Amino acid sequence: QGTMQYGFVSNSSCSSISVFNTQDEVITEIPIPDTQGFGTAYPFGLAVSPDQSRLYVGTVDGSGNIFTIDANNLILLPEETLHVAGSHGRISFYGSTLVVPSSEYHSDFSGSDARLNFVNLQDLKHPVVLDIHSRTGQFPSAQDFAIGCNGVGFLAGTDLDSGIFMFDAISKTLLGSFDSRTGSGLHTGVGLSSKGLLVVGDIGTSELSFFNAWNQEWLGSIVLPTLPGSPDQPNE
């Protein structure tokens, strides 16, 4: 607001959001409600609205709550809490649409469903939900995504047959998938450059796999150096 600028960090284990200024000073900590009684809501993914007025906080406690914070006055707005079923991966905006990767466990914990959710903040009653299917995975989970300037995005997760899923953020449809070429298929991070370089991280094998995103051409991979017994687990 004005010349004031803030940064935000989610604190999973203590259910809060830390706010810091441009001098790297933490100026306040905003509690996130623990509605499930786990001791924390496990806040994780963060997204600032295009007009910079709101911070949206995804959770991993299974409540489906996405909490809203007034990004200017730094207060929680309980009346603006959103709901997207399941636990949320990293969230972000594409235009005015909040994009939420999620995973929802079955009631008997025999499996889970992976989804990509498009939430129009002007039409909360009609979200678009894309199911991300796995042929062999028992607990598929959508974790992270990146969207190019042409609206084509790439979604990765865990237990998804090592697949990277392509989607169109404009039409909100799935376009297909291709193999990540990593060893374990445990993907929690995806990055996309403005020139179309796509990189996917595998926390199981400490690999980064690189693609030409325009034609899904695999360019190669690297294994990050690790200490004995301590894998690097590339995340975001």
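Located above this text is the structure these notes cover.
Model, not experiment: these values are computed from the prediction. (Residues numbered from 1 in each chain as written. Predicted model: local features only at pLDDT ≥ 70, side-chain atom pairs only at ≥ 80, totals over all residues. Heavy atoms only, no water.)

(A) A look at the sheet that holds strand β14 (residues 141–147). In space, the 4 strands of this open sheet follow the order β14-β15-β16-β17, with antiparallel pairing throughout. Edge positions in the sheet fall to β14 and β17 (173–179), since each has one partner strand and no second. Direction aside, the axes of adjacent strands within the sheet are offset by 30 degrees on average. Of the strand pairs in this sheet, strand β15 (residues 152–158) and strand β16 (residues 163–168) are connected by 4 bridges, and their pairing is antiparallel. (Pairing = 2+ DSSP bridges. Helix = DSSP H or I, 4+ residues; strand = E, 2+ residues; numbered from the N terminus. Axes fitted to C-alpha atoms, helices over the stretch in contact; angles between N-to-C directions.)

(B) Just the side chain of Thr182, in detail. Residue placement: Thr182 occurs in the loop between β17 and β18 (187–192). Among the polar contacts listed, one links the side chain of Thr182 to the side chain of His187, at a separation of 3.1 Å. Here the side chain of Thr182 touches Asp202 through a polar contact of 2.6 Å, side chain to side chain. Ignoring anything within four residues of it in the chain, the contact list for Thr182 reads Ser162, His187, Asp202, Glu207 and Ser209. (Polar contact = N/O pair within 3.5 Å; in protein donor to acceptor, adjacent residues only side chain to side chain. Contact = heavy atoms within 4.5 Å.)

(C) Quick look at the side chain of Ser63. As for its placement among the helices and strands, Ser63 is situated in the loop between β5 (54–59) and β6 (65–70). You can call Ser63 buried: its relative accessible area is 11%. Of note is the side chain of Ser63, whose polar atom sits 2.7 Å from the side chain of Asp61. Engagement of the side chain of Ser63 in a polar contact is seen with the backbone nitrogen of Asn65, the distance being 3.2 Å. Apart from residues no more than four positions distant in its own chain, Ser63 is found in contact with Thr35, Gln36, His83 and Gly86. (Buried < 20%, exposed > 50% of the residue type's maximum accessible area, 1.4 Å probe, protein only.)

(D) Quick peek at the packing of aromatic side chains. For the coordinates displayed, the defined rule picks out 7 aromatic pairs. On the basis of an interplanar angle of 50 degrees and a centroid distance of 5.9 Å, the ring pair of Tyr105 and Phe139 is categorised as tilted. Taken together, the positions of Tyr105 in strand β11 (residues 97–105) and Phe139 in the loop between β13 (128–132) and β14 put the pair 34 residues apart, joining distant regions of the chain. You can call Tyr105 partly exposed: its relative accessible area is 48%. Its relative accessible area of 30% is what places Phe139 among the partly exposed residues. Between Phe145 and Phe167, the ring centres sit 6.4 Å apart and the planes meet at 65 degrees, which makes this aromatic pair edge-to-face. One end of the pair, Phe145, is in strand β14; the other, Phe167, is in strand β16, and 22 residues separate them in sequence. Considered together, Phe145 and Phe167 belong to a single accessibility category, that of buried residues. Among the aromatic residues, ring-to-ring pairing joins Tyr105, Phe109 and Phe139 into one connected group. (Phe/Tyr/Trp six-rings, centres within 6.5 Å; stacked < 30°, edge-to-face > 60°.)

The analysis is restricted to geometry; functional conclusions fall outside its scope.
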